[in-house]
Amino acid sequence: MIVVMKSDCKQAEIAEVVKRISKLGLREHISQGAEHTVIGVLGQVSPELQDMLELLPGVEQVFPVSKPYKLSSREFHPLNTIIKVGENTIGSNEVVVIAGPCAVETEEQLMSTAQAVKAAGATILRGGAFKPSTSPYHFRGLGEPGLKLLARARQETGLSIITEVMTPQDVQLVAGYADILQIGARNMQNFSLLDEVGKTKRPVMLKRGLSATIQEWLLAAEYILAQGNDQLMLCERGIRTFETYTRNTMDISAIPVIKRLSHLPIIADPSHATGKWHLVAPVALAAIAAGADGLMIEVHPTPDSALKDGAQSLNFEHFQQLMSQLMPVITAVGRKLATSPLKAKPQPG
Ligand code: PEP
Ligand code: MN
């Protein structure tokens, strides 16, 4: 249920609404909109509560929320969530570009990629140290030594880093190194992992599950928000369809749908969505045109010898070309590219 307060309501009137809500054992979520304070009510609400709250002074309107997700909905939280990462913001007017290899392989591979993507205009470095793998015989990541290499790349370049965490037990370890915790598509509904990242204060990027509906995705986001972590962004990375030419099918429409239903920033990942390097740039441009807050692009010094996802990885030259093609589209949608960090950055606190 949503309680919209009058634009000139008093603090005491808000406090009274909150008091009535907590008295019934329900939780409130207060959000300051552009003009109105909006109070979301979490828990099993009765129609009588609606009648009762409507009578209180300062209340403009009370209406039920039909959707099963609440904290991730725009109704509960009308203004966009803006997440600060390093010197950049995600979900604001800035478009952020996250780039790097699928997996951290060697120091040389990671450092050269970090320097190249920074020079081309990326502000966040990606790289998996714990890799989900469809086959147990494929490369599964370097583990903690991979995290240490990411931390070194951050120190050298000032780029923020994002890396995947796969199990609840690893959350503290990965949060000790990463600026953003990535939840992979295969773990979108790993509810104990969602709870655990929800307990940290570290920003989280939640990828859409392989066959997840938008509602299932927003309910997964709800788990993280319900634990108190509101530094959350989503990532559209393609979904399973009958099409086999591409690795997945990029759901471009999910971008404006998420913008309509939710206040959470959305990043597009054309690398996993298409599985083919030559499709990454056109789909990246389309995603920004559709309103995405940023991109996640796989980049490798030598894609033909990558241990993972070489077919969808851009080499340095192709990444640079993509960044040049991106600029007019970013301008056309009235946004600007997040600016690169100038100096090195210490470990997150
Ligand atoms: C990745 O980002 O490397 C990855 C494994 O992506 P996804 O979870 O979307 O498959
Ligand atoms: Mn990958």
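Quick note: structure is the one above.
Student: Even after reading the chapter, I still don't get the sheet that holds strand β1 (residues 2–5), so can you show me in this structure?
Tutor: Strand pairing in a sheet relies on backbone hydrogen bonds, with the paired strands running either antiparallel or parallel. Pairing is antiparallel in the open sheet, where 4 strands are placed in the order β2-β3-β1-β4. Sheet topology places β2 (27–32) and β4 (59–63) at the edges, where each strand pairs with a single neighbour. Direction aside, the axes of adjacent strands within the sheet are offset by 20° on average. Sheet analysis places β1 next to β4, joined by 4 bridges and oriented antiparallel. Considered in β4, the bridge of Val3 is made with Val62.

Student: What am I meant to see in the pairing of β2 here?
Tutor: Here is the key point about a regular strand: its side chains alternate between the two faces of the sheet. In this structure, β2 lies alongside strand β3 (residues 37–42), joined through 6 bridges in antiparallel fashion. Pairing of Gln32 across the sheet is with Thr37, part of β3. The hairpin formed by β2 and β3 contains 4 residues between the paired strands.

Student: Where do I start with the nonpolar core in this structure?
Tutor: With 78 residues, the main nonpolar core has Leu125, Leu181, Val197, Leu206, Trp217, Ile297 and Phe319 as its most contacted residues. Residue contributions to this core peak at 7 residues, all from helix α7 (residues 214–226). When we break this core down by domain, the ones giving at least three residues each are domain 1 (2–63) and domain 2 (83–337). Counting 16 residues, the second largest nonpolar core, distinct from the first, contains Cys9, Ile21, Val41 and Leu53.

Student: Looking at this model, I keep getting lost on the site of ligand 1. Mind explaining?
Tutor: Inspection of the region around ligand 1 gives 13 residues, with Arg126, Lys131, Ala185, Lys207 and Arg237 positioned closest. In the environment of ligand 1, an oxygen atom lies 2.9 Å from a nitrogen or oxygen atom belonging to the side chain of Lys207. Glu298 places a polar side-chain atom, nitrogen or oxygen, 3.4 Å from an oxygen atom of ligand 1. When isolated, ligand 1 has an accessible area of 300 Å², and the protein chains bury 97% of it. Counted by class, the shell around ligand 1 contains 3 nonpolar, 3 polar and 7 charged residues.

Student: Got a minute to help me understand the coordination of the manganese ion (ligand 2) in this structure?
Tutor: Metal coordination angles have textbook ideals: 109.5 degrees for a tetrahedral set of four donors and 90 or 180 degrees for an octahedral set of six. For the manganese ion (ligand 2), the full set of protein donor atoms is Cys102 (SG), His272 (NE2), Glu298 (OE) and Asp309 (OD), and the range of their distances to it is 2.0 to 2.4 Å. Spacing between the donor residues of the manganese ion (ligand 2) along the chain follows C-x169-H-x25-E-x10-D. Of this pair, Cys102 sits in the loop between β7 (94–100) and α3 (107–120) while His272 sits in helix α9 (residues 270–274), and the two are 170 residues apart along the sequence. A residue is classified by how much of its surface remains accessible, and His272, at 8% relative accessible area, is buried.

Student: Looking at this structure, I do not really get unusual backbone geometry. What am I missing?
Tutor: Note on backbone geometry: most residues besides glycine have negative phi, and most peptide bonds are trans. The residue Asp309 is not glycine, and still its phi comes out positive at about 55°. By the element assignment, Asp309 lies in the loop between β14 (294–298) and α11 (316–332).

Cut-offs used in this document
Residues numbered from 1 in each chain as written. Chains lettered and ligands numbered in written order. Predicted model: local features only at pLDDT ≥ 70, side-chain atom pairs only at ≥ 80, totals over all residues. Heavy atoms only, no water. Pairing = 2+ DSSP bridges. Helix = DSSP H or I, 4+ residues; strand = E, 2+ residues; numbered from the N terminus. Axes fitted to C-alpha atoms, helices over the stretch in contact; angles between N-to-C directions. Core = buried A, V, L, I, M, F, W, Y, C linked by side-chain atoms within 4.5 Å. Buried < 20%, exposed > 50% of the residue type's maximum accessible area, 1.4 Å probe, protein only. Domains from an automatic or database assignment. Near = heavy atom within 4 Å. Polar contact = N/O pair within 3.5 Å; in protein donor to acceptor, adjacent residues only side chain to side chain. Areas by Shrake-Rupley, 256 points an atom, 1.4 Å probe, with all protein chains shown as cover. Nonpolar A, V, L, I, M, F, W, Y, C, P; charged D, E, K, R; others polar. Donors = N, O, S within 2.8 Å, 3.2 Å for Na, K, Ca; no water.

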